[in-house]
Amino acid sequence: MANFLTTLRIIFSPLLLSLSPLSLSFDTLYILLGLTDILDGFIARKTKTTSKPGSILDSIGDIVFCLSSFIAIYPHLQLNVYVTPLIAIIFMLRVVNIVTGYIKEKKLILLHTALNKVTGLLLFLFPLTLSYTPHTLSATLIAIVALYASINEGYLIWKGRIR
């Protein structure tokens, strides 16, 4: 059941690209997809069906959901010139962390650290707050947390503390 919910998130996340951000239809689908992310892990833990493949599938679902959301929302944001390069740096750090983890461990390493979960929560809330908060301020705060989470993740991978 948990992997089914994750698969639904992977399949339906690209539909966000066809909807107008800040619309009821976008927000509704966005929230439903976010709920699948919460529920899949909860169900897997409660039913004792957690697995490494399920964890990797969840990470793929997170990536597809985040990328679809980002691509849909980014053109509508009013950001200053400093936020976009910071987002690019965070993205590059994430890629370096994935490559480093693969080189060191000979397998895909996607850490679910507390900082990554906080980053995920902030990223999830961001589109839902766009009508009420200054875009640059919100994006900058989230980017700072994401940058710290990426650096922390890289440190853990480099030091071999990935268990």
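Residues numbered from 1 in each chain as written. Predicted model: local features only at pLDDT ≥ 70, side-chain atom pairs only at ≥ 80, totals over all residues. Heavy atoms only, no water.

1. Quick notes on the overall build of the protein chain
Scanning the protein chain from N- to C-terminus turns up six helices and zero strands. Along the protein chain, helices (α) and strands (β) appear in the sequence α-α-α-α-α-α when read from the amino end. Against the 2.2 N^0.38 benchmark of 15 Å for 163 residues, the protein chain shows a C-alpha radius of gyration of 16 Å, consistent with a compact globule. If one aligns the C-alpha atoms of the protein chain with their principal axes, the spans along those axes are about 40 × 35 × 20 Å. In the protein chain, which comprises 163 residues, the share counted as buried stands at 34%. Looking at the protein chain alone, contacts between residues at least 24 apart form 79% of all its contacts between residues at least 6 apart. When the accessible area of the protein chain is evaluated, it comes to approximately 9,800 Å², of which 73% is carbon and sulfur surface. Side chains of the protein chain carry 13 positive and 7 negative charges; the gap between the two charge centres is 11 Å. (Helix = DSSP H or I, 4+ residues; strand = E, 2+ residues; numbered from the N terminus. Rg over C-alpha atoms; globule rule 2.2 N^0.38 Å. Buried < 20%, exposed > 50% of the residue type's maximum accessible area, 1.4 Å probe, protein only. Contact = heavy atoms within 4.5 Å. Areas by Shrake-Rupley, 256 points an atom, 1.4 Å probe, with all protein chains shown as cover. Lys, Arg positive; Asp, Glu negative; His and termini not counted. Charge placed at Lys NZ, Arg CZ, Asp CG, Glu CD.)

2. A word on the packing of helix 4 (residues 83–105) against helix 6 (residues 135–158)
Here helix 4 crosses helix 6 at 20°, and the two axes come no closer than 9 Å. By the angle class used here, helix 4 and helix 6 are roughly parallel. In the packing of helix 4 onto helix 6, the handedness of the crossing is left-handed. The class makeup of the residues in the contact of helix 4 with helix 6 is 13 nonpolar, seven polar and three charged. (Axes fitted to C-alpha atoms, helices over the stretch in contact; angles between N-to-C directions. Parallel < 35°, antiparallel > 145°, perpendicular 65-115°, else oblique. Left-handed = near helix turned anticlockwise from the far one by under 90°. Nonpolar A, V, L, I, M, F, W, Y, C, P; charged D, E, K, R; others polar.)

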